[in-house]
Each structure stands twice: as structure tokens, then as C-alpha cells.
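Residues per chain, in single letters:
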Amino acid sequence: MSANRPAAVVVLAAGEGTRMKSATPKVLHEICGRSLVGHVLAAARELEPENLVVVVGHAREKVTAHLNEIDATVRTAVQAEQNGTGHAVRMGLEELGGSIDGTVVVVCGDTPLLSGETLRQLAATHSADGNAVTVLTAEVPDATGYGRIVRDGVSGAVTEIVEHKDASAAQREIREINSGVFAFDGQLLADALGKVRTDNVQGEEYLTDVLGILREAGHRVGASVAGDHREIAGINNRVQLAEARRILNDRLLTQAMLAGVTVVDPATTWVDVTVTFEQDAVVQPGTQLLGATHVGEGAEVGPNVRLKDTHVGAGARVINAVADSAFVGPQASVGPYAYLRPGSHLGVKSKVGTYVETKNASIGEGTKVPHLSYVGDATIGEYSNIGAASVFVNYDGQDKHHTTVGSHCKTGSDNMFVAPVTVGDGAYTAAGSVITKDVPPGALAVARGQQRNIEGWVARKRPGSAAAKAAEAASGERSEEG
């Protein structure tokens, strides 16, 4: 095992988070496609710890269920009563069998901006300096309200952490603050936790008391300074949640742009941590890319696009559209104002155009559904054209049925395809047809009533109306021409 690889990471996620004003436990609130605790677990996993345990308490059934969904191998420890951070860590160690030989890293479950790189730096500093405990600190522009890090002027060791209310005027000038994230010697931690007292205003076991206990015992307390002070920010209300979302989103977009993606307006572009791009992808303003969405090489998405769990192939274009669990093939075109629902699969150079909705539909290479249509539970072959205002009638009120349209077909405008039905390769259907029977390959299907004109109907039924007057004038003009 690497010297910098911790024996355990303990994540503190038992608090209620009352300032969130929410029925959702604080650590389950999401930014950029992950819960707060999900971001912390992802960072912790980068350390490859031998053990990973999350201490749960408030709404522990919901939190535990969520943990099982996102990381089935994580262990949980229950803090039935929130008796302080020291007590929470003690519950975590008890879940792991008590005293642990090796480094134990303690992190907070509400710090979604904390990176794996910063945690690796913390573990490396802890190992290299031979500390009993190493505090993750940060230098902030304004330290008001934070616990100050007081160091030995010679060795640089941490002598104490002074809360703002207890700090002297000189100590309040210190800008290095405590993050609440620590690396401990596991055996020393377990021993010191047994000595933490509760004779304080809150009557709780404070984890920070461990630092004083270890220092008094002659052990060294050190610090590792985070490169970006924003990483240690905890989330306590919706304002801080939005601020963290903005910071993380900017971080993700910066990574994408440095990898060769053009983001025209980062301020109006939002992405999840699970979104991936290829080089020369272009993201236009007003775009949301969510879940496992992938944007291929040279593809362009936006403006005003929301894609979730959607694959956009190389060179494709998606504009003013919504897609969920869809596949857009290379050089395909979507929108404007299109809606691709789950199971939509667009082939190479295909088109789903203006005001078109698709669901569970396979649209072949070069096939076009240009406008004003619904294609549901259907398979359409290659290089066919679906006329405007067509509806694939897939639901009989109880069951869904499938429609198949072959390759090189031309279907007329205002067609209804009443499933189950098949239109063969090379077939045509006339405008205004309701197709209820299979159409053989190469046939023309006409399924509409014969037109009948009832002369003089408007004059008889709507006398004196504007329509009647217009018709009378037009009739007079025809008589004169005749």
C-alpha cells in the first residue's frame, strides 16, 4: 500500500442542515449532476482508500438509500444523536473495528468543491512531515467567522485553532483558516477520541479538541494549504448551493475549453460532471448538458438546448431542442423546436426538424422528418421522407403498437399511420391518408374520402356574411371573365 494511500476515509454526513429549509437532507441536494455527498465520495475515491465509511444520522434511511445507488461498496455508520464531530468520527471508526493502523482522512459531506488532488496533497503532506494530524487549511480574503490557524513561528507546526469569537486582535488578522478536513494517524486518533470531553456550551464532542490532546502529548500537528480556498467551502443554504454550482460549472467548462471545445457563452451554459466532449465540439448559448450526454467531434449544440443522457455524433447539429436518452447520429440535424424522447435513434445524416416529436423511434440514414410530426414506436428505413403533419398512431388506449416504414419511401402530408402497420420499401402514400393496412413495396396508398363540392352552400347557410359577400364578388368576376 502506498504511503500516501489512507487506511480509511470517514465522511461526516449526519447533520440536518436546517438552513437549507428543505425536506431533502442537505447532503442530498445536487449540483452539476451529483449530490453534495456524491461529489465528496468521488474526491475520496481518488485516494483509493482501504476503507470508505459515511457517518449518517438525520434522515439516514434516505441518505443510506442514495449511497447504495451511487456507491454500493461504501460503508455507513450511524450517529443516532448528533453529539458533535468527534462523536461522529468515533462512530465511523467503530464501524471499521475501532483503532486503525494507518492514515485516517476525515472530510465533510457538504463540501462539493473539494478535489481529489487537494486530498492527495493533504495525505502526502501528512506522510512526508510525519504528523500525528494534518489540518487542511486555506488562505481566504475575508476570514471573519472562521477558526484561525495559529502556527509556530519557527517550525511552522500548528499550535492551535482559535475560533473567531475567541481570537485576539492580532489573531483576527490571520487569513489562514480551518477547513474541517483532517488527516490523522489512525491509532492516535482513536486514543485521543476517548479523551475528548463534553464540558462545552454545546455539550458535544469536538473533533478539533483532538488536535490539542495530541499536541499536549508531544505529537506534531501540521497543515496542508489548499491551492484554492473555494474548495473548502461548506454548503449551508440555497445561496451557497447556487454559488458552488456556478464555481463547479465554471471549472467543468474551463476543462472542456482547454481540451478543445468551443463554449460561446460560459455564463449561460450548464453541464454535469458526467458530460463528455470530443475536440472541436461547439456549445452555443443557453445550453444545458446533463447526465451521460456526449457531444462528438465537430458537433454543434445550441442555442437553447437541453440534452440529458444523449449522444450527439460527430458533425451533428442540435438547435433549440430537448432530448432525453436519445442517440443522434453523425452529421444528423435536430430542430429547431424538436423533442427527442427516450429511445429515439437518429441515423447518419438524418433529420428531425421543426416541431417534431419522436419516441422509441429508429430513423434511418438520410431519412428526414422535416416538420410538425409525431413519430412514436416506429422504425423508418434509409432515405425516406415523412410529410408534414404526420402522426404515427401507436396507442390504442391500452397497448402500444409498432409502425415500420421502409427505405426510399415518400409519405404525404397529413398522414396517419395507425399501428401496427408496414409501408414497404419505395412506397408512396398520398396526402391526407389514414393508413390502416400494409402498403406493398413500390405501391401508392390512397386512403381518403372523395372530395365533394356543394355549390352555393355559403350563400344559403351564411347569407350576408363576409364569406358570402366575398364568394358573390368572386362569382361575379368569373362570370365577367367568361
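Everything below is about the structure printed above this text.
Rules of the game
- Residues numbered from 1 in each chain as written.
- Predicted model: local features only at pLDDT ≥ 70, side-chain atom pairs only at ≥ 80, totals over all residues.
- Heavy atoms only, no water.
- Helix = DSSP H or I, 4+ residues; strand = E, 2+ residues; numbered from the N terminus.
- Buried < 20%, exposed > 50% of the residue type's maximum accessible area, 1.4 Å probe, protein only.
- Contact = heavy atoms within 4.5 Å.
- Areas by Shrake-Rupley, 256 points an atom, 1.4 Å probe, with all protein chains shown as cover.
- Lys, Arg positive; Asp, Glu negative; His and termini not counted.
- Charge placed at Lys NZ, Arg CZ, Asp CG, Glu CD.
- Phe/Tyr/Trp six-rings, centres within 6.5 Å; stacked < 30°, edge-to-face > 60°.
- Axes fitted to C-alpha atoms, helices over the stretch in contact; angles between N-to-C directions.
- Parallel < 35°, antiparallel > 145°, perpendicular 65-115°, else oblique.
- Nonpolar A, V, L, I, M, F, W, Y, C, P; charged D, E, K, R; others polar.
- Salt bridge = Lys/Arg side-chain N within 4 Å of Asp/Glu carboxyl O.
- Left-handed = near helix turned anticlockwise from the far one by under 90°.

For the chain, the count of helices and strands is nine helices and 37 strands. The buried share of the chain, taken over its 482 residues, is 45%. Pairs at least 24 apart in sequence give 40% of the contacts found in the chain among residues at least 6 apart. When the accessible surface of the chain is split by element, carbon and sulfur atoms take 48% of a total near 22,600 Å². Put simply, the chain has 43 plus and 56 minus side-chain charges, and the middle of one group is 7 Å from the middle of the other.

Another aspect to go through is the packing of aromatic side chains. Taken as a whole, this structure holds three aromatic pairs when the rule is applied. Plain terms: the ring middles of Phe182 and Phe184 are 5.5 Å apart, the flat faces sit at 35 degrees to each other, and that makes the pair tilted. Neither Phe182 nor Phe184 differs from the other in exposure class; each is buried. Plain terms: the ring middles of Phe392 and Phe417 are 4.9 Å apart, the flat faces sit at 35 degrees to each other, and that makes the pair tilted. Of this pair, Phe392 sits in strand β30 (residues 391–393) while Phe417 sits in strand β33 (residues 416–418), and the two are 25 residues apart along the sequence.

Attention now goes to the packing of helix α5 (residues 186–193) against helix α6 (residues 209–216). One way to put it is that α5 packs onto α6 with a least axis distance of 10 Å and a crossing angle of 105 degrees. With respect to their mutual orientation, α5 and α6 come out roughly perpendicular. Touching Leu188, Leu189, Ala192 and Leu193 of α5 are Val210, Ile213 and Leu214, all from α6. Residue composition of the contact of α5 with α6, grouped by class: seven nonpolar, no polar and no charged.

Scanning all chains against the criterion turns up 16 salt bridges. The salt bridge partner of Arg90 is Glu205, with a shortest N-O separation of 2.7 Å. On the criterion of sequence distance, the pair formed by Arg90 in helix α3 (residues 85–95) and Glu205 in the loop between α5 and α6 is long-range, its members being 115 residues apart. A salt bridge links Asp377 to Lys359, with the nearest nitrogen and oxygen atoms 2.5 Å apart. One end of the pair, Asp377, is in strand β28 (residues 368–380); the other, Lys359, is in strand β27 (residues 351–363), and 18 residues separate them in sequence. On the accessibility criterion, Asp377 (8% relative accessible area) is buried.

Let us look at the environment of Arg175. Mapped onto the elements, Arg175 comes out in the loop between β9 (158–162) and β10 (176–185). Taking C-alpha positions, Arg175 is 33 Å from Gly33, a pair spaced 142 residues apart along the chain. Discounting residues that sit within four places of it in the chain, Arg175 has contacts with Ala138, Glu139, Val140, Pro141 and Ala143.

For the pair α3 and α5, the least separation of the axes is 10 Å and the interaxial angle reads 125 degrees. For the element pair α3 / α5, the angle class is oblique. The hand of the α3/α5 crossing is left-handed. Contacts between α3 and α5 involve Gly86, Val89, Arg90 and Leu93 on the former and, on the latter, Leu189, Ala190 and Leu193. Among the residues making up the contact of α3 with α5, the classes are represented as five nonpolar, one polar and one charged.

The next thing to look at is the environment of Ala192. Its place among the elements puts Ala192 in helix α5. Linking Ala192 and Val434, residues 242 residues apart in sequence, is a C-alpha distance of 80 Å. Ignoring anything within four residues of it in the chain, the contact list for Ala192 reads Val210, Ile213 and Leu214.

Attention now goes to unusual backbone geometry. Going from Gly302 to Pro303, the amide bond is cis rather than trans, its omega being 5 degrees. Within the element layout of this structure, Pro303 appears in the loop between β18 (300–301) and β19 (305–308). For the bond from Gly335 to Pro336, the omega torsion is 5 degrees, close enough to zero to count as cis. Assignment of secondary structure puts Pro336 in the loop between β24 (333–334) and β25 (338–340). Phi angles above zero are rare outside glycine, and Asn304 is one such case at about 60 degrees. Relative to the helices and strands, Asn304 is located in the loop between β18 and β19. Its relative accessible area of 47% is what places Asn304 among the partly exposed residues. The phi angle at Asp309 is positive, at roughly 50 degrees, despite the residue not being glycine.

Attention now goes to α3. Three or more residues of α3 are buried, namely Gly86, His87, Ala88, Val89, Met91, Gly92 and Leu93. For α3, the elements touching its buried residues are β1 (8–13), β4 (51–56), β5 (75–78), β6 (103–108) and α5. One or two residues past the end of α3 sits Gly97, with phi positive at roughly 100 degrees.

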